[in-house]
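# Structural features, examined
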Amino acid sequence: MPSEPTLEEQLLHLQLDGWCVVRNVIPEKEVPAVRESVAAATLRHRRPDAPANIGHRTGLINYDQSFAPYLVTPAFIDLVRAALGPNVRVSFTSAMINYPGNVRGGLHADWPFNQRNAGHIPAPYPDVVAHFTTLWMLSPFSVENGATIIVPGSHRMETNPSAGSCSHDEDAPYPTEIQATGDAGSVLIMDSRMWHAAGANRTESARVAMAIRFAPWWLNLNGLRPGSGERARQMEATGLKENEVEPVKPEVLAALPAAVQPLFEHWVEA
Ligand SMILES: O=C(O)CCC(=O)C(=O)O
């Protein structure tokens, strides 16, 4: 078994290639309980507007907290903090169950680089590390069950296929794309500028995952806050839609492990 890469090696991988996988963020024996808890919460609270073949729940932290202690697994959070700064904040917690038959998604970059969101940094955007998307493999991610498709190095491009002006068609495979595979309990960390898409699930089993996104302290998240004036103004100015991230309930925040609370304090319900 090869030895685990050091934090410095993972940081270089993130900086140069835009992604890395951290193994065993949730220990192997503990993954089934987290997977079942997240899947059950997603089924109970499934977003009615979720795409066909995907069970989806945003604001997951209000519905399930089984994953919370692992957000501060040192091999994971030390790397996120080394890249984004010590005072990182969680911006999104979402659960995704990709059922058998789910088809390949379109290549895109995530908020705030996705040009279809009202709150977006307009392309051509500068080469700044501003947001991370972390995809938590609660099922093993394999080529067959639709491990996330990524285009290594694409975080250094100044646009992505969500922009009408991008020369690459979102539905066309990119010549250098790969799939980020890993055991259950691993986490794919990527710069949110990275071009990526869900792979097709050609197996008979669901692929259960979470997308937990992280922002540095200086990134303005107010456009995601339901009912905020900034959100309304951004949507009106652009004529575009925006994701909504429901506030964390005070009782949920209070029950989180002390080391996890600072990641969510900024988003607690007033
Ligand atoms: O499900 C996946 O593998 C990718 C998810 C994705 O594209 C996203 O959350 O932005």
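Presented here is a report on the structure given in the accompanying data block. Since this is a predicted model, take the numbers as computed values, not measurements. Throughout this document, residue positions are counted from 1 along each chain, in the order its sequence is written. Selection of residues for local features in this predicted model requires a pLDDT of at least 70, selection of side-chain atom pairs for listing and counting requires 80 or more, and totals for whole chains, interfaces and linings are taken over all residues. With hydrogens and water stripped out, all remaining heavy atoms of the structure feed into the side-chain values.

## What about the site of the ligand?
With respect to spatial proximity, the complete set of residues near the ligand consists of M96, N98, H108, D110, T148, H196, A198, R207 and R213. Here a polar contact means two N or O atoms within 3.5 Å. Within protein one must be a hydrogen donor candidate and the other an acceptor candidate, and residues neighboring in sequence count only if both atoms are side-chain atoms. The contact in question runs from an oxygen atom of the ligand to an N or O atom on the side chain of D110, over 2.9 Å. At 2.8 Å, a side-chain N or O of R213 approaches an oxygen atom of the ligand. When isolated, the ligand has an accessible area of 290 Å², and the protein chains bury 89% of it. Polar here means any residue outside two lists: the nonpolar Ala, Val, Leu, Ile, Met, Phe, Trp, Tyr, Cys and Pro, and the charged Asp, Glu, Lys and Arg; Gly therefore counts as polar. The class makeup of the residues in the shell around the ligand is 2 nonpolar, 4 polar and 3 charged. By convention in these notes, a residue is near a molecule or strand provided one of its non-hydrogen atoms lies within 4 Å of it. Accessibility throughout is a Shrake-Rupley quantity obtained with a 1.4 Å probe, and a residue counts as covered only by protein chains that appear here.

## Remarks on the pairing of strand β1 (residues 19-22)
Here β1 shows no split at all, with W19 and V21 on one side and C20 and V22 on the other all buried. Examined bridge by bridge, β1 and strand β7 (residues 187-191) share 4 bridges and lie antiparallel to one another. Paired with V22 across the strands is V187, a residue of β7. Three exposure classes are used, based on accessible area relative to the maximum for each residue type with a 1.4 Å probe and protein chains only: buried under 20%, partly exposed in between, and exposed over 50%. Only DSSP runs of H or I reaching four residues or more are called helices, and only runs of E reaching two or more are called strands; each is numbered from the N terminus. What makes two strands pair is DSSP finding at least two bridges between them.

## A word on unusual backbone geometry
Note that the residue after W111, namely P112, is joined by a cis bond; omega there is 5°. Within the fold, P112 resides in the loop between β3 (89-98) and β4 (132-137). A cis amide bond links A123 to the next residue, P124, at an omega of 5°. On the secondary structure map, P124 appears in the loop between β3 and β4. Of note, the phi angle at N24 is positive, near 55°, even though the residue is not glycine. Along the chain, the position of N24 falls in the loop between β1 and α2 (31-44). Judged by its relative accessible area of 43%, N24 falls in the partly exposed class.

## So, the packing of aromatic side chains
For Phe, Tyr and Trp, rings pair up if their centres lie within 6.5 Å, where Trp contributes its six-membered ring, and each pair is then called stacked (planes under 30 degrees apart), edge-to-face (over 60) or tilted (otherwise). All told, the structure shown has 5 aromatic pairs when counted by the stated rule. On the basis of an interplanar angle of 80° and a centroid distance of 5.5 Å, the ring pair of Y174 and W195 is categorised as edge-to-face. Pair noted here: Y174 is in the loop between β5 (149-150) and β6 (178-179) and W195 is in the loop between β7 and β8 (196-197), with a separation of 21 residues, a long-range link. Of the residues examined, Y174 reaches a relative accessible area of 22% and is grouped as partly exposed. Connected via pairs of aromatic rings, a cluster forms that spans F76, W136 and F214. Sitting over the face of the ring of F92, R213 holds its NZ or CZ atom 5.2 Å from the ring centroid. The ring centre of W267 lies 3.9 Å from the NZ or CZ of R225, which sits over that ring. Lysine NZ or arginine CZ positioned within 6 Å of the ring centre and within 35 degrees of the ring normal marks a charge as sitting over the ring.

The quantities given are spatial measurements derived from coordinates; they are silent on function.
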